[in-house]
Amino acid sequence: MTTITGCETRDVRFPTSLTGDGTDAMNTECDYSSAYVILTTSDPNLTGQGMTFTIGRGNDIVCIAIKEVAKRLVGKKLEDLFANMGKTWDYMLADPQLRWLGPEKGVIHIASGAVNNAVWDLYAKSRKKPLWKLVSDMSPEEIVNSTAFRYISDAITREEAVAMLKSREAGKAEREAKVRQLGYPAYVTSAGWLGYDDEKVARLTKEAVAAGFNHFKMKVGQNVEDDLRRGRIIRSIIDDPQYLPPGHVPRDPASLVGKNAGPTGAVFMVDANQVWDVPQAIEYVKKLEEVKPWFIEEPTAPDDILGHAAIRKALKPYGIGVATGEHAHNRMVFKQLLQAEAIDVVQIDSCRLAGVSEVLAVLLMAAKFGVPVCPHAGGVGLCEYVIHLSLIDYIAVSGTMERNVLEFVDHLHEHFIYPCSINAQGRYNVPNNADEGYSIQMHDSSIAEYEWPNGSYWVKSNAEKAKAS
């Protein structure tokens, strides 16, 4: 029987700070980076890949933590792990020496996410299915048994989860066929980074409209007048029919209710990346009412549940919602955000949470509370990851994608063997290769070029810096 034999890590960093990609009010210098793990097995043709995302030097710490987490799995039989992925998740996180460092938060948690994702990658590859298909084909009981359930039974019980999933079962095949045909709705952030000048913002917005997108997000939080100016630029383009692509088919108006959609059906969102205190957030976002955002994302500290609730209550008369979750460090934060009615949109992150098993917990809670899930993506590898999670949510859990949109950032996809892709209607295509698993395997050539510090790019770059000094 096949067993896990070892773990390898790769510290892969891309120099995105040179072009301003990823810049926002909190994070002004971002080298998109992957703390990447490979689980080796006794089958030389089967490996599991996983990663978590940082913006550079954090990889130094996370790669060490990944190795410590993965040690617990070495020697384990794959089929024993796959038989109950919820118990596997519990076992992974039960090392008391490592749990003490969280518990279930911070570096040790995102390292656990990288490893759990690698185990799920192994599972999907062993069954010759993309990850989304593996999970969507499970019975309700199998999905619940694959879920990290500790600490959430006051929000949803296992019995409630099974009943909810059973109520969606009849339409699974129809929903799968529909999303394969149409694709999964996406929104674009690539035009709205704070480090871009007005000309670049306008050009990239026009390109995004022409590519079929109709949801657009802009970074805010450093200067309200600058934000209003840039917001007006984006609104003037996305609301103007002249920029729509030929043959444009308008979105169903029902999917746009409450989103402050403009005359072309375009929706605008803003993201502050945690830069404000609660009173600041309320006053600042009120001033952005003119550009009609659907929501403000991460208006304050990501684990301030009551702060988010206060902001949501204060902004409701202005028709502006609240979204968060990119930095929500575990399922309990999401549980409390939902119980406190603090958010209008759940934004899961594929590797801030500790892997697929914990993501399933959040999807189940969000479906019970009736809050749409619009995952955070971008970075490096996150778009490749989260399309699987949104497909699981639509096909097997919530049963809807009418109000959901999945973030898309057009950076670094070329480094993956199975990159995500967008169709002409601005929607994610469905991953469909039997060998791709969780779609996160990088090209060996990309690792050789960008691994820190001895990849060919960094050797050359550091030599040039040394020479210049």
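Presented here is an overview of the structure given in this document.

**Examining the environment of R427**
The topology assignment puts R427 in strand β11 (residues 427–428). For the pair R427 and D80, spaced 347 residues apart in sequence, the C-alpha separation works out to 37 Å.

**Let's talk about the packing of aromatic side chains**
This structure, assessed with the given rule, holds 12 aromatic pairs. Ring centres of F213 and F408 lie 6.0 Å apart, and the angle between their planes is 15 degrees; on these two criteria the pair is classed as stacked. Of the two residues, F213 sits in the loop between α10 (198–210) and β5 (215–219) while F408 sits in strand β10 (residues 406–408), which places them 195 residues apart along the sequence. Since its relative accessible area comes to 9%, F213 is described here as buried. The exposure class assigned to F408 is buried, which follows from its relative accessible area of 8%. Centre to centre, the rings of Y385 and Y438 are 4.2 Å apart; their planes meet at 45 degrees, and the pair counts as tilted. Linking Y385 in helix α16 (residues 382–397) with Y438 in the loop between β11 and α17 (444–450), this pair joins segments that are 53 residues apart in sequence. With a relative accessible area of 0%, Y438 lands in the buried category. Following the ring pairs from residue to residue traces out a cluster consisting of F14, Y450, W452, Y457 and W458. Geometry around Y196 places K200 over its ring, the cationic atom sitting 4.0 Å from the centre.

**Observations regarding the pattern of salt bridges**
Side chains that carry opposite charge are capable of pairing whenever their charged atoms lie near each other. Evaluation of the coordinates by the stated rule reveals 31 salt bridges. E79 is the partner of R127 in a salt bridge, and the nearest nitrogen-oxygen pair spans 2.8 Å. Linking R127 in the loop between α5 (106–126) and α6 (131–136) with E79 in helix α2 (residues 78–82), this pair joins segments that are 48 residues apart in sequence. By relative accessible area, R127 is classed as partly exposed at 32%. Looking at E79, the relative accessible area reads 34%, which means it is partly exposed. Between E358 and R331 there is a salt bridge whose closest N-O contact spans 2.8 Å. Of this pair, E358 sits in helix α15 (residues 356–369) while R331 sits in helix α14 (residues 331–339), and the two are 27 residues apart along the sequence.

**Quick word on the packing of α5 against α15**
At a minimum axis separation of 8 Å, α5 and α15 run at an interaxial angle of 100 degrees. Considering their axes alone, α5 and α15 lie roughly perpendicular with respect to each other. In this structure, α5 contributes H109, N116, N117 and W120 to the contact, and α15 contributes V356, S357 and E358. In the contact of α5 with α15, the residues fall into 2 nonpolar, 4 polar and 1 charged.

**Considerations on helix α1 (residues 58–71)**
Here α1 is 14 residues long and its end C-alpha atoms lie 21 Å apart, about the 20 Å a rise of 1.5 Å per residue gives. Three or more residues of α1 are buried, namely N59, V62, C63, A65, I66, V69 and A70. In a view along the axis of α1, the buried residues occupy a sector of 165 degrees, so they form one face of it. Away from the buried face of α1 by more than 90 degrees, exposed residues I61, I64 and K71 are located. Buried residues along α1 sit in contact with β1 (4–13), β2 (33–41), β3 (47–54), α3 (85–92), α4 (96–99) and α5.

The rules we used
Residues numbered from 1 in each chain as written. Predicted model: local features only at pLDDT ≥ 70, side-chain atom pairs only at ≥ 80, totals over all residues. Heavy atoms only, no water. Helix = DSSP H or I, 4+ residues; strand = E, 2+ residues; numbered from the N terminus. Phe/Tyr/Trp six-rings, centres within 6.5 Å; stacked < 30°, edge-to-face > 60°. Buried < 20%, exposed > 50% of the residue type's maximum accessible area, 1.4 Å probe, protein only. Lys NZ or Arg CZ within 6 Å of the ring centre and 35° of its normal. Salt bridge = Lys/Arg side-chain N within 4 Å of Asp/Glu carboxyl O. Axes fitted to C-alpha atoms, helices over the stretch in contact; angles between N-to-C directions. Parallel < 35°, antiparallel > 145°, perpendicular 65-115°, else oblique. Contact = heavy atoms within 4.5 Å. Nonpolar A, V, L, I, M, F, W, Y, C, P; charged D, E, K, R; others polar. Expected span 1.5 Å × (residues − 1). Arc of directions from axis to C-beta.

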